[in-house]
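Structure at a glance
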Amino acid sequence: MPSFLDFERPIAELEGKIEELRHIGDVNEIEITDEVQRLQQRIERLLRQTYGKLTPWQIVQVARHPMRPHCVDYLRALFDGFRILAGDRLYAEDAAIIGGIGRFRGRSLVVIGQEKGAEIESRMKHNFGMARPEGYRKAQRLMRLADRFGLPVLTPVETPGAYPDLRSSRG
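None of these values were measured; they are calculated from a predicted model. (Residues numbered from 1 in each chain as written. Predicted model: local features only at pLDDT ≥ 70, side-chain atom pairs only at ≥ 80, totals over all residues. Heavy atoms only, no water.)

**Some thoughts on the pairing of strand 2 (residues 97-104)**
Defined as follows: Two strands qualify as a pair provided DSSP detects at least 2 bridges between them. By the criteria applied, helices consist of DSSP H or I runs no shorter than four residues and strands consist of E runs no shorter than two, each listed in order from the N terminus.
Across three bridges, the pairing between strand 1 (residues 80-84) and strand 2 is antiparallel. The partner of isoleucine 84 across the bridge, within strand 2, is glycine 100. Taking the residues between adjacent antiparallel strands as the criterion, strand 2 and strand 3 (residues 107-114) are bridged by two residues, where arginine 105 takes a positive phi near 50°.

Below is the structure:
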């Protein structure tokens, strides 16, 4: 179910009208294509206008949007044959840092990103995206691997920061 921010309400209303039209069209077999196209064009225009003049706080809201894609979403959508490489080889696995090797447009590369998780169980598994020292060691290990094999490193950044506990601060 889509989640809209306050400033997106006019867009949400138009999308709701499109859904109503589609439902009516399905039930009554009415031709609604022209009206749906007209509403879609209005939505596109509104999107450009709305996102072209966001306030700093609205930009923060968009960045924190609950429906925003996560690192695993990009991995699934963009990379072929992506293989996760786990562990720091010293202490433990940190699920907040996801890294591995995959192919993008036919070229091999190493991807390292932070994952927050989408629902509460996966958020807890990924420690809400807050990396611990073992996560940073894993990232270093993957960067050394990329260097050894001459592979580029892609690091999508979306981070709430490091995990703020005593063990993490000692390194």
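We are not done yet, so read on.
**Here's the deal with the pattern of salt bridges**
Definition in use: For salt bridges, the criterion is a side-chain nitrogen of Lys or Arg within 4 Å of an Asp or Glu carboxyl oxygen. Buried residues are those whose accessible area, probed at 1.4 Å on protein chains only, stays under 20% of the maximum for their type, while exposed residues exceed 50% and partly exposed ones sit between those limits.
Enumeration over the complete set of coordinates arrives at six salt bridges. For aspartate 73, the salt bridge goes to arginine 76, with nearest N and O atoms at 3.4 Å. Taken as a pair, aspartate 73 and arginine 76 lie in helix 4 (residues 71-78) at a separation of three residues, close to a single helical turn. Overall, arginine 76 belongs to the exposed group, its relative accessible area being 64%. What emerges from the salt-bridge pattern is a single network uniting Asp88, Glu134 and Arg137.

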